[in-house]
Amino acid sequence: MINKKHFLTEDLVSNQKPKWCIGCGNYSILKQVQEILPIIGVSKENIVFISGIGCSSRFPYYMNTFGFHGIHGRAPAIATGVKLANSKLNIWIITGDGDSLAIGGNHLIHLLRRNINLQLLLINNEIYGLTKGQHSPTTKIGKKNKIDKPFNTLTLVLGAGGSFVARSIDRDTEHLKKMLIRCYKHIGTSFLEIYQNCNIFNDGVFNHFTDKKTKYDNTIFLEHDKPLIFGKNYNKGILLDGLEPKIVSLEETTYSIQDLWIHNEKDRTKANILARFSDKNDFPYPFGVLFNEIIPCYDQLFEEKYKSNNENYTFDGFIL
Ligand code: SF4
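Residues numbered from 1 in each chain as written. Predicted model: local features only at pLDDT ≥ 70, side-chain atom pairs only at ≥ 80, totals over all residues. Heavy atoms only, no water.

A.B. asks: How should I be thinking about empty space enclosed by the protein in this particular structure?
C.D. replies: Once rolled over the atoms, a probe with the size of a water molecule shows which space is left empty. The final tally for this structure, using the stated rule, is one cavity of 30 Å³ or more. By volume, the largest cavity amounts to about 30 Å³. Every residue along the wall of the largest cavity is listed here: I169, D170, R171, N197, F206, N207 and T210. (1 Å grid on protein atoms, 1.4 Å probe; cavity = no way out; pocket = protein on both sides within 12 Å on 5 of 7 lines; lining within 4 Å. Points joined across faces, edges and corners; volume = space filled by probe spheres on them.)

Here it is in structure tokens:
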């Protein structure tokens, strides 16, 4: 007899052919999501994908699950409503840098503040793809004549009270799968930034994180309770001088592994320092889980206070 929960990756492939450009990084992200869902043990009937607007927000069409292609920037609001109506649902928000950090910025920060129990994948290609290449809130200075400073996505999320903050990249499929599973396991809003190559309007913007010649110096993969080591042959480390990070060579005798910063996913202050590496010259970008803490979820509090007591439901002052 087939267990109701049991389904395969191919069962998650919808009858819609993706309309993404050939070579787009979204294909890899879609594939990894379809690969991890059958192994995490959630019932297919309980999975919902909710998106806003943008190339990545076409995601729900390509998943053979429940889904909702929402309006620009409003996926967090829709997902909040769905979760409060039925807390058993396993909700994945799919959004992009334009969708969530421009028009949807306000919705994003309040989702994080409330800590609704769901997963949010922010697919960041540092450009508006769907509307043909305008700069987005994460586009680097100089690209497309951009003169204003881009958002540091992870410091924004940490500042808004994010309870789980992580980063991965489309081309590192094993790491991406690992991060998706970590997101699922976290109770609260799991925020995963995924760097995605838009090969039409911003091609190669993340190549230095994946090219064999440059990736070892430009990336650091975090593991809880492990020292911060990077570089080819793991020849460099990072230590903290007070709250100031410093790159040191492990090839000389001055420093050893014992001197290095040990990553602690529970430390929000240090997670902020990690997230700021991207604002510093010569520092590697952190990948993995920067921060992870269990704090109350709005949906759980809502259930306890209103549903179980049969009181009128109120949501930020409104009677529902
Ligand atoms: Fe992907 Fe860019 Fe094409 Fe959009 S425009 S589908 S992000 S390659």
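Let's pick the thread back up.
A.B. asks: What am I meant to see in the sheet that holds strand β2 (residues 66–69) here?
C.D. replies: Strand pairs in the sheet, formed through backbone hydrogen bonds, run parallel or antiparallel to each other. Read from one edge to the other, the open sheet built from eight strands follows the order β2-β1-β3-β4-β6-β5-β11-β7, with strand pairing classed as mixed. With partners counted over all chains shown, the strands left at the sheet margins are β2 and β7 (219–221), one partner each. Looking at each pair of strands side by side, their axes are set apart by 20° on average, direction ignored. In this fold helix α3 (residues 75–85) packs onto β1 (47–51), β2, β3 (90–96) and β4 (118–124), with an angle of close to 175° to the strand it touches most, β3. Across the face of the sheet, helix α7 (residues 173–185) comes into contact with β3, β4, β5 (164–169), β6 (189–195), β7 and β11 (285–292) while running at roughly 160° to β5. (Pairing = 2+ DSSP bridges. Helix = DSSP H or I, 4+ residues; strand = E, 2+ residues; numbered from the N terminus. Axes fitted to C-alpha atoms, helices over the stretch in contact; angles between N-to-C directions. Contact = heavy atoms within 4.5 Å.)

A.B. asks: Can you walk me through the packing of helix α1 (residues 26–40) against α7 in this structure?
C.D. replies: Each packed pair of helices is defined by two parameters, the angle between the axes and the distance between the axes. Orientation of α1 relative to α7, taken along the N-to-C sense of each, is 50°, at an axis distance of 9 Å. When the axes of α1 and α7 are compared, the pair comes out oblique. Classified by chirality, the crossing of α7 by α1 is right-handed. Where α1 approaches α7, its residues S28, I29, Q32, V33, E35, I36, I39 and I40 are matched on the opposing element by T173, L176, K177, L180, I181 and Y184. (Parallel < 35°, antiparallel > 145°, perpendicular 65-115°, else oblique. Left-handed = near helix turned anticlockwise from the far one by under 90°.)

A.B. asks: Quick question: what am I supposed to make of the nonpolar core here?
C.D. replies: The tendency in soluble globular proteins is for nonpolar side chains to be buried as a group. L228, I238 and F277 are the most contacted members of the largest nonpolar core, which has 40 residues in total. Both domain 1 (9–204 + 264–299) and domain 2 (227–262) contribute no fewer than three residues apiece to this core. Once you skip the residues sitting within four places of it in the chain, F277 turns out to touch L228, I238, P245, W261, F283, P284 and P286. By size, the runner-up hydrophobic cluster in this structure holds 29 residues, among which are F7, F59, F164 and V289. (Core = buried A, V, L, I, M, F, W, Y, C linked by side-chain atoms within 4.5 Å. Buried < 20%, exposed > 50% of the residue type's maximum accessible area, 1.4 Å probe, protein only. Domains from an automatic or database assignment.)

A.B. asks: What is the right way to look at the pattern of salt bridges in this model?
C.D. replies: Pairs may arise between side chains of opposite charge once their charged atoms sit close together. If you walk through the whole model with that rule in mind, you get 11 salt bridges. Residue R182 is joined to E265 by a salt bridge in which the shortest nitrogen-to-oxygen separation is 2.9 Å. Taken together, the residues R182 in helix α7 and E265 in the loop between β10 (244–249) and α9 (268–275) connect sequence positions 83 residues apart. A relative accessible area of 28% means that R182 is categorised as partly exposed. (Salt bridge = Lys/Arg side-chain N within 4 Å of Asp/Glu carboxyl O.)

A.B. asks: Explanation requested: the packing of aromatic side chains in the structure shown.
C.D. replies: Geometrically, a pair of aromatic rings is defined through the distance of the ring centres and the angle of the planes. Taken as a whole, this structure holds 17 aromatic pairs when the rule is applied. For the pair F49 and W92, a centre-to-centre distance of 6.0 Å together with 10° between the ring planes defines the contact as stacked. In this pair, F49 is assigned in strand β1 and W92 in strand β3, connecting sequence segments 43 residues apart. With respect to class, F49 is no different from W92; both count as buried. With centroids separated by 6.5 Å and ring planes inclined at 55°, the aromatic side chains of Y195 and Y285 adopt a geometry described as tilted. Of the two residues, Y195 sits in strand β6 while Y285 sits in strand β11, which places them 90 residues apart along the sequence. Just as Y195 is buried, Y285 falls in that class too. The rings of W20, Y27, F49, F59, Y61, Y62 and W92 are connected pair by pair, giving a single aromatic cluster. Here the guanidinium or amino end of R167 rests over the ring plane of F287, the centre of that ring lying 5.8 Å away. (Phe/Tyr/Trp six-rings, centres within 6.5 Å; stacked < 30°, edge-to-face > 60°. Lys NZ or Arg CZ within 6 Å of the ring centre and 35° of its normal.)

None of the figures reported here should be taken as evidence of function without further support.
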